[in-house]
Amino acid sequence: MVELVIKNISEVEEEFQGKVKALIEEKADFYKELFKKYDKDLTLEVIFDHSSAVYKVSASLNLKSKKVLIAEEGKDVEKVVTGLFSEFKKTVKRQYELERKDYEYKRKR
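Note that this is a predicted model, so its numbers are computed, not measured. (Residues numbered from 1 in each chain as written. Predicted model: local features only at pLDDT ≥ 70, side-chain atom pairs only at ≥ 80, totals over all residues. Heavy atoms only, no water.)

Asker: Can you tell me about the pairing of strand 4 (residues 67-74), naming the residues and giving the values?
Answerer: One ladder, built from eight bridges, connects strand 3 (residues 54-62) with strand 4; its direction is antiparallel. Paired with Ala 59 across the bridge in strand 4 is Ile 70. The hairpin formed by strand 3 and strand 4 contains four residues between the paired strands. (Pairing = 2+ DSSP bridges. Helix = DSSP H or I, 4+ residues; strand = E, 2+ residues; numbered from the N terminus.)

See the structure below:
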């Protein structure tokens, strides 16, 4: 099971908060489906930081082998979140496959 935690959403402007939350929840559904038979309960954390005109968004997921952490920054918050999750998806899938291969290798020995 994957638990979604969104931190500092109040730093995003009011008009974009609803869109950003909906986008994050939509992207989190992929991870809930991918890890539904995973042994460990996972926490998907999305953290926002707004300084001057730049948004910095980071996402992390604590897998068995290591914690996957990706950060992205830019001026348009929706583009930043979309870009972050596309990169995050690639990284998490790669790490998940490595864990799976390692498990199967150990099981066969």
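Next comes the rest of the description.
Asker: I'd like a description of the nonpolar core, backed by residues and values.
Answerer: Residues Phe 35, Phe 48, Leu 61, Val 81, Phe 85 and Phe 88 are the most contacted members of the largest nonpolar core, which totals 29 residues. Among the elements of the structure, helix 1 (14-34), strand 2 (42-51), strand 3, strand 4 and helix 2 (77-108) are those that each provide at least two residues to this core. Among the elements that take part in this core, helix 2 stands out by supplying eight residues, more than any other. (Core = buried A, V, L, I, M, F, W, Y, C linked by side-chain atoms within 4.5 Å. Buried < 20%, exposed > 50% of the residue type's maximum accessible area, 1.4 Å probe, protein only.)

Asker: Can you lay out helix 1 for me, pointing to particular residues and giving the numbers?
Answerer: Three or four residues apart is the spacing at which side chains of an α-helix point the same way, because the helix has 3.6 residues per turn. An ideal rise of 1.5 Å per residue puts 30 Å on 21 residues; helix 1 measures up with 32 Å between its terminal C-alpha atoms. Taken together, the buried residues of helix 1 touch strand 1 (2-7), strand 2 and helix 2. (Expected span 1.5 Å × (residues − 1). Contact = heavy atoms within 4.5 Å.)

Asker: Before we move on, could you go through helix 2 and cite the residues and values that matter?
Answerer: Taking 1.5 Å per residue as the helical rise, helix 2 with its 32 residues ought to reach 46 Å, and the 46 Å between its terminal C-alpha atoms agrees with that figure. Every buried residue of helix 2 is accounted for by Val 77, Val 80, Val 81, Leu 84, Phe 85, Phe 88, Thr 91, Val 92, Gln 95, Tyr 96 and Glu 99. Residues of helix 2 that are buried sit in contact with helix 1, strand 2, strand 3 and strand 4.

Asker: Residues and numbers for the environment of Phe 30, please.
Answerer: One can find Phe 30 in helix 1. Residue classification places Phe 30 among the partly exposed positions, given a relative accessible area of 27%. Taking C-alpha positions, Phe 30 is 18 Å from Lys 19, a pair spaced eleven residues apart along the chain. When neighbours within four sequence positions are excluded, Phe 30 is seen to be in contact with Lys 89 and Lys 93.

Asker: An account of unusual backbone geometry is needed here, citing residue identities and associated values.
Answerer: Its identity is not glycine, yet Asn 8 carries a phi of approximately 60°, on the positive side. Relative to the helices and strands, Asn 8 is located in the loop between strand 1 and helix 1. Backbone geometry places Ser 52, a non-glycine residue, at a positive phi of 55°. Here Ser 52 is to be found in the loop between strand 2 and strand 3. Residue Ser 52 is classed as exposed on the basis of its relative accessible area of 68%.

Asker: Lay out the environment of Lys 108 in plain terms, naming residues and giving numbers.
Answerer: On the secondary structure map, Lys 108 appears in helix 2. Sequence-wise, Lys 108 and Asp 29 are 79 residues apart; in three dimensions their C-alpha atoms are separated by 32 Å.

Asker: Could you give me a rundown of the side chain of Ser 58, with the residues and numbers involved?
Answerer: Tracing the chain through its elements places Ser 58 in strand 3. Setting aside its immediate chain neighbours within four residues, Ser 58 contacts Glu 45, Val 46, Ile 47, Leu 69, Ile 70, Ala 71 and Leu 84.

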